[in-house]
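Below are the chains, spelled out letter by letter.
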Amino acid sequence: MSAQAPAPTLAELAERFGLELRGDGATRIRGVATLAGAGEGQLSFLANPRYRRDLAGTAAAAVVLSEGDAADCPVPCLVARSPYVAFAKIAALFESSPAPVPGIHPSAVVAADAVVHPSAEIGPLAVVGARCQVGAGAVIGPGCILGEGNVVGPGCQLLARVTLVTRVRLGARVRIHPGAVLGAEGFGLAMDAGRWIKVPQLGGVVVGDDCEIGANTTIDRGALEDTVLEEDVRLDNQIQVGHNVRIGAHTAMAGCVAVAGSARIGRYCLVGGGVGITGHLEVCDKVTITAMSLVTASITEPGEYSSGMAVQDSRSWRRNAARFRQLDQLARRMGPQPKD
Amino acid sequence: MSAQAPAPTLAELAERFGLELRGDGATRIRGVATLAGAGEGQLSFLANPRYRRDLAGTAAAAVVLSEGDAADCPVPCLVARSPYVAFAKIAALFESSPAPVPGIHPSAVVAADAVVHPSAEIGPLAVVGARCQVGAGAVIGPGCILGEGNVVGPGCQLLARVTLVTRVRLGARVRIHPGAVLGAEGFGLAMDAGRWIKVPQLGGVVVGDDCEIGANTTIDRGALEDTVLEEDVRLDNQIQVGHNVRIGAHTAMAGCVAVAGSARIGRYCLVGGGVGITGHLEVCDKVTITAMSLVTASITEPGEYSSGMAVQDSRSWRRNAARFRQLDQLARRMGPQPKD
Amino acid sequence: MSAQAPAPTLAELAERFGLELRGDGATRIRGVATLAGAGEGQLSFLANPRYRRDLAGTAAAAVVLSEGDAADCPVPCLVARSPYVAFAKIAALFESSPAPVPGIHPSAVVAADAVVHPSAEIGPLAVVGARCQVGAGAVIGPGCILGEGNVVGPGCQLLARVTLVTRVRLGARVRIHPGAVLGAEGFGLAMDAGRWIKVPQLGGVVVGDDCEIGANTTIDRGALEDTVLEEDVRLDNQIQVGHNVRIGAHTAMAGCVAVAGSARIGRYCLVGGGVGITGHLEVCDKVTITAMSLVTASITEPGEYSSGMAVQDSRSWRRNAARFRQLDQLARRMGPQPKD
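- Chain A is annotated in an unreviewed UniProt entry as UDP-3-O-acylglucosamine N-acyltransferase of Arenimonas malthae CC-JY-1.
- Entered under Function (unreviewed entry) in the UniProt record, the comment concerning chain A runs "Catalyzes the N-acylation of UDP-3-O-acylglucosamine using 3-hydroxyacyl-ACP as the acyl donor. Is involved in the biosynthesis of lipid A, a phosphorylated glycolipid that anchors the lipopolysaccharide to the outer membrane of the cell."
- UniProt, in its Catalytic activity (unreviewed entry) section for chain A, records the words "a UDP-3-O-[(3R)-3-hydroxyacyl]-alpha-D-glucosamine + a (3R)-hydroxyacyl-[ACP] = a UDP-2-N,3-O-bis[(3R)-3-hydroxyacyl]-alpha-D-glucosamine + holo-[ACP] + H(+)".

Next comes the structure, spelled out in structure tokens:
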């Protein structure tokens, strides 16, 4: 939102985003905040029921919420089928992202045969290696390093200190956060006469349009074929994706997930933080896996899966864990298991 | 310790650090080492009982230890209530850290409107973005990247290749190790008509005085409010802290911990390596969580909590794990559980 | 393989690598590919039985496989005792790695007293600090940062954006991927009157010949002695190795493993992804640990160990996990456990 434009009224927001206004629509909205933290001129939202307790006392100018919560709202509100989506769209009005500054910073090192679109921005102390291509409006932020032969699509944003090692092809509007490393060699080793030898990693990494890749996340290049992220895949921070993995469109993974080589993950999956997925297996579409679970075999039915065990006080835990170590014996003493 | 100062005698160390000397205090101490590795002129310590076996045979010039171990010490010793603390303070005498070299390295790129204190050091190939402030005596090491609008307090040390993305405010004497990324966008997404849309991340990161942040650790900025580390928080390497998390003063976390968005962790907590803490919950003060445990609900009582299962030989493990998968059935066959 | 050399025939490959040729040896091999993806002029391999289903339909020019699979191969083949090893060696012929370009890039910042071998390459925007040594033929890639007093052996490859903090000594031919941080301070803290104080980390990191270290992996320097990787240790991405750890020769660790301080791991161990190993313990030689297991006590017998629990559908999982929390009670109801 430009600094000159007057702050929108609640009625204008309702109209613009197709929401139902309840209460006075004349209030100008100058920013967004939490229910508990919002004050004059600030819009808030209620999407997660955990925060319903904050609704009655909110000092927000207005709240985006669902039909069911509207009656309890002490201030004007915008009723949305999905309050979180509506809020995200409104909040974007109050985000100021610097526009790309076309051109190559004098401190950047760009190979003679790299092709950089005139509308792209190459930031300070960035390196763009031989045979790279950088598309229209793309931003290669400060300290990014592109090795040989990488392709950055139009509108991509490599925020800072991103490394594309080699043979990485990014679609349009891919957003990559600092410290991410794409296209490093996969972990391919073979034991030969008591020593490891390396298995050449001849593939690349293909990232579809609108993907997002978190800080310090690593995506290895394929051994023979490519490692692939289909469109609109969203990876949080510190995720490890092994060589030849394929992740289906619209799948999202929370922080610290590890996906081993050649696993194939479906579309619209939701993978919780710290989940491990072993290699050479398939997870079908629309699978949710809760935090710190381990997947060791293919999943063929959509649904939710878990194996992350929650804490107990350590004393109880130790007693139970000790019994677990004898669980098979314990079960045998109970005689044969009846058929289900 | 300056190169000119003579090595301190054991008696001088006893006096300086308030320790009880037993044995000859005239020995000069020129360095520190482990019980098993120490030799002439070297001071060692005994704090962890696992290493008591090394005491009898030590060739150290002297040992820092507790009252209870003193009788078994074959060499002069310094008796301390906390041998580890006393040793840490003495060892610091033998650490040579380069002093900051005030000024901006000619290869660094510093925005015209950044404010850098004359006593601060900006290292080679560092980037300091628009509207940043760098306080007195602070060190921005080689390859660090500060995006727009970050504040680095007096005496901070960003060792090398640290990234502050935006809206990060560091207190005094914060120490950050290479590869750490603070202030990246939190992982805020909403599903809208089959595609993800981003929820703007408008908050920042506030880090209190004397915090330490390990190599390749990531701390996302808040969505609406700030992600906060209170004073003296100590984070090891490869930790992931989601948006809007708050970590209480003096809490320490070992490597590879993941804390999901909006979790609130208390003061004086100790979090073991690889622990996962899910979002939107609270952990009270003085909670210890052992390695690789998963916290999925608020913890309201101080104490120690666990859920990390320890290895067995794989054959036994597989048998027990198979029974676990039928545990509910097994328990049902035993009839109703008596009340506690 | 130089661009001028003609593609080798299958017969030439058989001779060169000591493999048994079955079928027409005159075919020229111009590249390598998977069984399912290979076409004219491409060599494939069958090592993992999961891919046996792809053999009958392969359009590869030839396949490297074991004696037992040869009869089912529809095209010429090379029979190998270890098809994966043989394929790795042949595939290396088709890998084009740029040769080092001796010299220091003008944008690099190299300390006056650093010793760089004339045959070594220092890439763009790299930093080589005081008293560093870089050996013959070594490559310090773009954006790498070497702090004070690090030693890089002959033939090492630091691909890009690697950080050696201080007192790191690399043997010959060590290969380090982007984002790795070696020699950061170990996580040594002592609680003194309600605040943390740092325990000086006076040791270094020693890495043996032919080790490989993955992207964003961190290896802390020792507190008093060194953190040590013996020769031919292979670490995947995002591994955390604490201070004073020792890892035996030829041990390989998959992504996201965490090894806590002062653990000693043997030779020829295989550590699965996401495994945690707590501190101050020993794992003997030839131990395999499966994914996401936790090691909390020394392992003294070679063999395979596990504790990573695999997913169930969440509903079953929750029921079983609830019973687990009462497992000790359940077991008590069954009376005393008979002796094994």
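## Points about the pattern of salt bridges
- Under the defined criterion, the tally for this structure stands at 63 salt bridges over all chains.
- Here Asp328(B) ties to Arg323(C) by a salt bridge, and the two come within 2.8 Å at their closest N and O atoms. With Asp328(B) in helix α5 (residues 327–333) and Arg323(C) in helix α4 (residues 314–324), this pair bridges two chains.
- A salt bridge links Arg332(C) to Asp328(C); the nearest nitrogen and oxygen atoms lie 2.8 Å apart. Of the two residues, Arg332(C) and Asp328(C) are both situated in helix α5 (residues 327–333); the distance of four residues between them amounts to about one turn of the helix.
- Judged by its relative accessible area of 7%, Asp328(C) falls in the buried class.

## A word on the packing of aromatic side chains
Residue and element names in this part refer to chain B.
- Using the criterion set out here, one finds twelve aromatic pairs over all chains in the structure.
- Centroid distance Phe 45 to Phe 87: 4.2 Å. Interplanar angle 20°. Geometry classified as stacked. Here Phe 87 lies in helix α3 (residues 83–91) and Phe 45 lies in strand β3 (residues 42–45), a separation of 42 residues in the sequence.
- Taking relative accessible area as the criterion, Phe 87 reaches 2% and is therefore assigned buried.

## Remarks on the UniProt feature "active site" (unreviewed entry) in chain A
Residue and element names in this part refer to chain A.
- In the UniProt entry, the feature "active site" (unreviewed entry) is given for His 243.
- Considering the arrangement of structural elements, one finds His 243 in the loop between β27 (240–241) and β28 (246–247).
- Sequence-distant contacts of His 243, that is, excluding residues within four places in its chain, are made with Gly 186, Phe 187, Gly 188, Gln 201, Asp 220, Arg 221, Gly 222, Ala 223, Thr 227, Gly 261 and Ser 262.
- Separated by 2.7 Å, the side chains of His 243 and Gln 201 make a polar contact.

## Quick notes on the relation of the copies chain A and chain C
- The two copies are related by a screw operation: chain A maps onto chain C through 120° of rotation and 0.0 Å of translation along the axis, at an RMSD of 0.0 Å. The relationship between the two copies is best expressed as a three-fold rotation axis.

## Comments concerning the interface of chain A and chain B
- Facing 73 residues of chain A, the contacting portion of chain B comprises 76 residues.
- Both faces considered, chain A and chain B share a buried interface measuring about 6000 Å² in area, 61% of it formed by carbon and sulfur atoms.
- Remark: the boundary between chain A and chain B carries eight salt bridges.
- The shortest N-O distance in the salt bridge between Arg195(B) and Asp210(A) comes to 3.2 Å.
- Remark: the boundary between chain A and chain B carries 39 residue pairs in polar contact (both at pLDDT 80 or more).
- Mapped by element, the contributors of at least two residues to the side of chain A that touches chain B are α3 (83–91), β26 (234–235), β29 (252–253), β38 (312–313), α4 (314–324) and α5 (327–333) of chain A.
- Residue contributions to the side of chain A that touches chain B peak at six residues, all from α3(A).

## Overview of the sheet that holds strand β15 (residues 157–158) of chain A
- Pairing in this open sheet of twelve strands is mixed, and the strands run β6(A)-β9(A)-β12(A)-β15(A)-β18(A)-β23(A)-β26(A)-β29(A)-β32(A)-β35(A)-β37(A)-β38(C) from one edge to the other. The sheet is open, and its two borders are formed by β6 (103–104) of chain A together with β38 (312–313) of chain C, each paired with just one other strand.
- In terms of strand pairing, β29(A) meets strand β32 (residues 270–271) of chain A through two bridges, oriented parallel. By the bridge assignment for β32(A), Ala252(A) is matched with Leu270(A).

Criteria and thresholds
- Residues numbered from 1 in each chain as written.
- Chains lettered and ligands numbered in written order.
- Predicted model: local features only at pLDDT ≥ 70, side-chain atom pairs only at ≥ 80, totals over all residues.
- Heavy atoms only, no water.
- UniProt positions renumbered as here; feature names shortened; annotations may be inferred.
- Salt bridge = Lys/Arg side-chain N within 4 Å of Asp/Glu carboxyl O.
- Helix = DSSP H or I, 4+ residues; strand = E, 2+ residues; numbered from the N terminus.
- Buried < 20%, exposed > 50% of the residue type's maximum accessible area, 1.4 Å probe, protein only.
- Phe/Tyr/Trp six-rings, centres within 6.5 Å; stacked < 30°, edge-to-face > 60°.
- Contact = heavy atoms within 4.5 Å.
- Polar contact = N/O pair within 3.5 Å; in protein donor to acceptor, adjacent residues only side chain to side chain.
- Least-squares fit on C-alpha atoms with pLDDT ≥ 70 in both.
- Buried area = accessible area lost by both parts, 1.4 Å probe.
- Pairing = 2+ DSSP bridges.

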